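Observations on the three-dimensional arrangement
The chain contents come next:
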Amino acid sequence: MRADRLVATLLLMQSRGRVTAAELAAELEVSVATARRDLEALSAAGIPVYPQPGRHGGWSLVGGARTDLSGLSSAEAQALFLLVGPAAAVSGEAKAALRKLLRALPAPFRTAAEAAAAATLIDPSRWGSSETAAPAFVGLSQDAVVRQRRVRLTYKGVVREADPWGLVDKDGIWYLIAGTDRGRRTFRLDRISAMTVTEESFDRPADFALDTAWEQVVGEVEEKRARTWAILLIEERFVWVLRDHFGRHCEVEEVLADGRARVRVGAPTARDIARTLRGRFGGLRVDLCVESGWRSF
């Protein structure tokens, strides 16, 4: 994308001070004519970039400035490379981008940034299982989000049109947050059986923020997962089992003198809570209080 090239051009210029169109073309793997057009576009946009004619000329920042246009400190550069480094192991594009960004960093930052990029390896498969592949339409959805192109998808057997606003990867399960004629909707990508990216563009809402939208989705889902609450009296040493199953819907209210803990847990129904207690605590006494009163299991 052109925006990526313009940013890369600025980073290269801050690193080298001066570049020729031919050098830029070789670095970004584009034609010399394209590189020259990008340089002219930066200049026309008001960026302090100007050409210097002559045998040893090229394009420079005004006054020969060598400011770090990325604005990254050494610690920020390390944090960035720690984050994107693992992605380079599975994506050729990410690896190429990482190399270019590394060369564009100020020299004192490069060694630490390179070490940070190689510090972490992510293995997505669990022990005893093969690697889990991402849903088929992740790449297509990402392209539609970035280019702001409407998609036509088949979801649970129903054909719909949607404006893809953002993607979320939650523990290996991918979700697409999109605008539809019925408002904002969330689609699980592994439940999409077909998808076509159209050439019809859309405007993402000006007040849309992916993190905020996802917080709302999580809140709605968690509310449905904990419609029923109960108070349990259980030996304190077994509280971790409740936390392991109920997660955020497990709250220790009090530890009693007799060694038992008063714990509040939530689930969709009282039956779900009772089923969990029977399955996890068979043979142990657990006192349960729901709306109808205390019961023992």
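Residues numbered from 1 in each chain as written. Predicted model: local features only at pLDDT ≥ 70, side-chain atom pairs only at ≥ 80, totals over all residues. Heavy atoms only, no water.

1. Quick word on the overall build of the chain
- Counting its secondary structure elements, the chain contains 10 helices and 13 strands.
- Counting all 297 residues of the chain, 36% fall into the buried class.
- The long-range fraction of contacts in the chain, counting pairs at least 24 apart against all pairs at least 6 apart in sequence, stands at 57%. (Helix = DSSP H or I, 4+ residues; strand = E, 2+ residues; numbered from the N terminus. Buried < 20%, exposed > 50% of the residue type's maximum accessible area, 1.4 Å probe, protein only. Contact = heavy atoms within 4.5 Å.)

2. Here's the deal with the nonpolar core
- Of all hydrophobic cores here, the largest spans 17 residues; its most connected members are Val151, Leu153, Leu176, Phe187, Leu189, Ile192 and Met195.
- Every element with two or more residues in this core is listed here: α7 (138-147), β4 (149-155), β5 (158-170), β6 (173-180) and β8 (192-201).
- Leave out the neighbours within four places in its chain, and Leu153 touches Val158, Val159, Arg160, Leu176, Phe187, Ile192, Ala194 and Met195. (Core = buried A, V, L, I, M, F, W, Y, C linked by side-chain atoms within 4.5 Å.)

3. Observations regarding the confidence of the model for the chain
- Scored by pLDDT, the chain comes out at a mean of 80, with 82% of its residues at no less than 70.
- Mean pLDDT across the elements of the chain bottoms out in strand β13 (residues 293-296) (48) and peaks in β4 (95). (pLDDT = per-residue confidence, 0-100.)

4. Looking at the pattern of salt bridges
- Evaluation of the coordinates by the stated rule reveals 13 salt bridges.
- Asp258 serves as the salt-bridge partner of Arg260, at 3.0 Å between the closest nitrogen and oxygen.
- The exposed category is assigned to Asp258, whose relative accessible area is 51%.
- When the shortest N-O distance is used, the salt bridge between Arg275 and Asp272 registers 2.9 Å. Of this pair, Arg275 and Asp272 both sit in helix α10 (residues 270-280), three residues apart, roughly one helical turn.
- Overall, Asp272 belongs to the partly exposed group, its relative accessible area being 24%.
- Salt bridges sharing common partners tie together Asp143, Arg147, Arg149 and Glu199. (Salt bridge = Lys/Arg side-chain N within 4 Å of Asp/Glu carboxyl O.)

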